[in-house]
Structures are given as structure tokens and as C-alpha cells.
Amino acid sequence: MTEKQSAKDKLISDAMAAPSPAKSMGDPGITPLSPTHIQQETDETPSGPSFTVVVAIDFGTTSSGYAYAFAKEPECIHTMRRWEGGDPGVSNQKTPTTILLTPDRKFHSFGYAARDFYHDLDPTESKQWLYYEKFKMKLHTTANLSIDTDLHAANGKRTKALDIFAYALAFFKEQALKELSDQAGSEFDNTDVRWVITVPAIWKMPAKQFMREAAYKANLVSRDNPEQLIIALEPEAASIYCRKLRLHQMVDLNTKTTVNGYNPTENVGAGMTQGDRYVVVDCGGGTVDLTVHQIRMPEGHLKELYKASGGPYGSIGIDYEFEKLLCKIFGQDFIDQFKIKRPAAWVDLMIAFESRKRAAAPERTNPLNINLPFSFIDYYKKFRGHSVEHALRKSNVDFVKWSSQGMLRMNPDAMNALFKSTIDHIIQHLTELFDRPEVTDIKFLFLVGGFAESPLLQRAVQDMLQGRSRIIIPHDVGLTILKGAVLFGLDPGVIKVRRSPLTYGVGVLNRWVDGKHPSDKLLVKEGTRWCTDVFDTFIAADQSVALGETVKRSYTPAKPSQQIIVIHVYCAEKEGVGFITDPGVRKCGTLRLDLSGTDPPPPAPGGGPTRREIQTHMQFGDTEIRAMAVDVATSRSVKASIDFLSQ
């Protein structure tokens, strides 16, 4: 019998003197009752209150923005007003994801306003202010993310990440409501808004839950009304938008022209038809997300064909390579000091690099000049006792020279080399994805996200695909996710089938079977032999799960008076898990059933206490995992929650 089946073996159906399956995990006693792995389709998608408007916030690593649409005009998506203070060579429909706090840690400003104010501060003063940029990646890279995770400001000071994320969301809430109120000519009420926040698909549950916690803290929505906020996955949002694209709204890389067909109302190429499969490659500042979707007609619903994949290979990887290059030329010790002592000038230098980074292209022959801030040149001389020019001559970096105008002159090969490792990672991921049996007959590949504008990345993807799929880039590639997130908020049921990124389950006891169970798992309790630590699989990695489909389990309190049942949830990247002690299995969350406020059942005939059964329904088909529970005897609902943030 396979491990997979053993986990689904008949569980204890008798609570007699059965020990708790959870005792070995330090849980209060729980006996699972459900004999089989029940999955059933439910047609109920939560209808929730109706909203007059959907506002989506694309909270990006490098830039952020919002867009909205009214429920009565769903086709008409409004992107936010123009921001003040855009950069040369960068379209400013979105604003940099930068936050400035005053020296006493109060919110001061966001975006260009934060950056410009910080830049204009006197160096002695700027050391006191707290400036944050590119902080979203912290949620992806922190192994045991919790409510108390810290972030470092540019001056090295620490604050709670939750506060910074909440400040950012509160800023967008204020901006969006102000714009909506101006449009309506009267105060717009937050209760009329359904909010959508986008996150990378490869984010684990703790990071998604962290975003939700930040939204509660920012008063975007209240805990009592969680449906008012939807977490959208970035490549899914892009996918929803891309399948609606008209010919004149995109560039087909295979023909390298704007696709201006005869019929501009026609959808992509000859159109997306029943069963078409396509890949969305979302290349952002921090992460690259790959999703594979198939269209199901007639409604045009989407089905995910393979679990989301990708990694931390966004365009900030190129910034780190540039920083490594500067360390090689000027010394790590100097760069580290400069960043702390002249934080605003460091930000300036990176802004100058950003615009040159966007000018990198495969055929480019003329050098790229990067302006070095005066304080860099000045501080280097004080620090080393010789000039920047001297350092460049002395360093063995051939591709970077000093120009008489006080600039770093980079030969195009040097710039392209900074892109290499990031692009190689993306291409390696794409190659592995296209080699999978589930990923065949891909008609289109959509390149979206800010980094998709890079000609170097476009060329690399073309070289890899060799014409196997048509590569499509939407015109407003940086706004694709934002617009798709609005569409998702208007119709969250559009993605009908998803794939679970991980295997989830709990530890239970099974009846002992000689020859099948390992001897170190034997537990004898009152004459009955049990196998401990068996992994009861709720859902397996890459298993297809429909929207609204539930996994049911029943649990019973150890004592009639027990008010709270806490069950540890385990997860693993692989599919067939036998025991919670298997390598690669880790505790990732807790399922909490709160029985307070529900009456215990009446005594059984004969005077003994009745065994109480709490039936739990878990949903894995949405962008977040949900739990609901019911007391079977009374049919009263029981408060159930799944918590993935390490306490």
C-alpha cells in the first residue's frame, strides 16, 4: 500500500479510550473521527455584501499604485491620478515603493514625495529620518515570518515591518478614497469599497496572512468583515487581464510589431479559444512568478494547469550586481560606510543607475554614463585619501572608466553582465517549466511586470522559446497586474481551478498494522496498538482543487469542558508524505476551533457525557486557505481559524 493511501487509511472512528493523536505533538487531546478523505463540490461562493467600487492596490517591490472600477461599469478601469515628481525615462503611472518616517517614527510621506524630501534633507539631519525602500521582499525571504518581524531603514534603524506595511496601505486608502470622493462630489464611504491587494503567487501563506494583518492595522477593512479584502495573486491578475487583450493593445515579439490586425476588437491573435493554454511570466522588481492557465469556455473561466513557480529573480537583482561592482572598485568597507553616512546620496546614485539600467539593450554599442553624486566623490577622497578616478584606474575592472564629466562610463558589455545572473535564473525556470509534461501546447507566453520591458530579458526569452509559443507583451506592461486585480475583485470566481503549492495535513493515530507500520511509531494504550505521527493529507502538492471545494474532518474535544481545540498543521513540498516526522515536513500553522459560546451536548442516556463532534471544513481552492466548523449535535457554527504566522 502506498504512503499516500496509508495517510488516508480509516482513522479512528471510536473515541473509546483512544489516546489523542495530537498528544505526541503537545496538543490538547483531539480525536479525529472522519473515516475517509471527503471532498465535495459546493456551489456556494460567498456572496457577501455588494460593493459599489473595487479598488486594487498593486504593492510592488520597486513601485506601487492603485486602480479602480465601479461595479456598474466593470469595463472601465481607472488608473490612479498622475503622481508628482516622476523620474526622467520612467513612466510615472506608479510611484516608487518608498516610505519616510520622521525621527520620532511618525509617517511622513510615501513615493516620490518621500524620496524627494529625504533627498533634500541636510546629511546630518537625514541620518535621523527613517527611509525605507524595496522592503516588500522581506516577506518572501524571512524564514519564520511573524507579526514582530523587523525592517531596517536606510540609516540602519529598525522598526516593525507590520507598521511600515500598514502605513503604506493607509496611504493608498487615503489617496483612493480622496480621488473617489472628488469624483463623486461627496464623501466616499469605505464600506462601499471592496479592496484587493496583490501578492506574488510564490509567496507562502504566512506572507499572505501578513498582508491581511497589515490591512487590518491600516483600517483598510475590519476583522469582522474579512470578505471586504481579497488577496489577489499577481500572475493570476495579469492572466485575467491578458486574456481580454485586444490586438492593438500589445506587441507580438515574434513579429516585433504592434499587433494591428484588421479587426482591432478581436482578442489575442486569432483569439483565445476553448482549451487554449498559456503561460504568464510576471517579472517584477523582487520576484518572477510563472503561471500556467487554460481557458474553459463558454464563460471564459480559467483553470490552473501547474502550481505557481518562480523565485526571487526580479530586477533588483541587477541593482545588487551593480552594488557588488561598486564594492569591487571602491571597496566593500567604503560602500557600507557611505550607505550609512550618506544614505540620501546612495539613493540618488541608485536612481541614476535605474534610468541607465532601462537603457540597456542587446544591440547597444555606445557606453552608458552614470552620474556619481558629488558627495560620493567627496566622501571617497576623505575616506581613502585618493580620488575616485585613481580607484577606477587601479581597479582591474576594464569595462568601467571615468569620464571627464564626473561620470562612471560603463561599456554595454559591462551593463549586460549585471543582468546575466538574474536573466539566467529566469530562463532556467522557464526551461524547467516547459520541460514538464503538464506544460505542452502552450499557445501564448505573456511577459508582464515592470522588468518585462527590458529588451535583454525579451531577447533571452525569445532565444529560449525558439518560436514554440507566441510571446506577447501588453502595451501598459507595468499596469497589467493592477488592471487585472480590479477585474479579479469584480469577479473573484473567474479562476475556477487552482493547484495547491504544498501538501497540507495534520498528525493522527492509525490502528497498528503489522508489517506496514515502523516499530518506532508503536503506541500501546489500554491494550490497543496504535501507530503515531501518521500524516493525514488534506491536500497534496500540485493537486487540482476547485473553488469552493472543501476537505472535511471531524474532531472531538478530549474533555467535555474543553473550550479550545488547537491542531498543528504540517506542510511539505513533496506529494506522498507518510509521517509528520518525514524529512521535508514542517509545522507551518495551527487550526484553532473555539467552542466557547456553544453549549456542550446534553448527557447521553445512562448519564455519561456525549461525545462531541466538531466538523471542520477547509477550503484550499482560493488564494488564501480558509476554515469553517460546525458543532454536529446542535448544527451551530463554531469559530474556526487557521493561523500561519509564527507566534
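Reading across the sheet, the three strands line up as β19-β21-β20 and stay open at both edges, with antiparallel pairing between neighbours. Edge strands, defined here as strands with exactly one partner in the open sheet, are β19 (368-371) and β20 (400-403). Between one strand axis and the next, the sheet turns through 30 degrees on average, direction left out of account. Here four bridges tie β20 to strand β21 (residues 407-410), and the two strands are oriented antiparallel to one another. Opposite Ser403, over in β21, you have Met407 as the bridge partner.

On to the nonpolar core. Most often, soluble globular proteins have nonpolar side chains that are buried together. Counting residues in hydrophobic clusters, the biggest one holds 96 residues, and the most contacted among them are Phe322, Phe330 and Leu445. Setting aside its immediate chain neighbours within four residues, Phe330 contacts Phe376, Tyr380, Arg384, Val388, Ala391, Leu392 and Leu408. Within the second largest apolar cluster, 51 residues are counted, among which are Ile57, Leu169, Val193 and Met211.

Position of Ala360 relative to the elements: it lies in the loop between α10 (343-357) and β19. Exposure remark for Ala360: the relative accessible area of 2% places this residue in the buried category. Between the alpha carbons of Ala360 and Asn416 there is a distance of 6.9 Å; along the sequence they are 56 residues apart. Residues within four places of Ala360 in sequence aside, it is in contact with Leu368, Met415, Asn416, Phe419, Pro455 and Leu456.

Looking now at the packing of helix α8 (residues 316-330) against α10. In the contact formed by α8 and α10, the axes pass within 11 Å of each other and the chain directions differ by 120 degrees. Crossing hand, α8 versus α10: right-handed. Judged by residue contacts, Ile318, Asp319, Phe322, Glu323 and Leu326 of α8 engage Trp346, Leu349, Met350, Phe353, Glu354 and Lys357 from α10. Each residue belonging to the contact of α8 with α10 can be placed in one class, and the counts come to seven nonpolar, no polar and four charged.

Definitions and limits used
Each chain has its residues counted from 1, running along the sequence as written. Local features in this predicted model are restricted to residues whose pLDDT is 70 or higher, and side-chain atom pairs enter the listing and the counts only when it is 80 or higher, whereas totals over whole chains, interfaces and linings include all residues. Hydrogens and water molecules were not included; the side-chain quantities draw on all heavy atoms of the structure. What makes two strands pair is DSSP finding at least two bridges between them. Only DSSP runs of H or I with at least four residues qualify as helices, and only runs of E with at least two residues qualify as strands; both kinds are numbered from the N terminus onward. In this description, a line fitted to the C-alpha atoms serves as the axis of each element, helices being fitted only across the stretch in contact, and the angle between N-to-C directions of two axes falls anywhere from 0 to 180 degrees. In this description, a nonpolar core means a group of buried Ala, Val, Leu, Ile, Met, Phe, Trp, Tyr and Cys residues linked to one another through side-chain atoms lying within 4.5 Å. Each residue gets one of three labels from its accessible area relative to the maximum for its type: buried under 20%, exposed over 50%, partly exposed in between, using a 1.4 Å probe on protein chains only. Residue contacts are defined here by distance: any two heavy atoms, one from each residue, within 4.5 Å place the two residues in contact. In this scheme the crossing of two helices becomes right-handed for a clockwise turn of the near helix relative to the far one and left-handed for an anticlockwise turn of less than a right angle. Any residue outside Ala, Val, Leu, Ile, Met, Phe, Trp, Tyr, Cys, Pro, Asp, Glu, Lys and Arg is labelled polar, Gly included; the first ten of those are nonpolar and the last four are charged.

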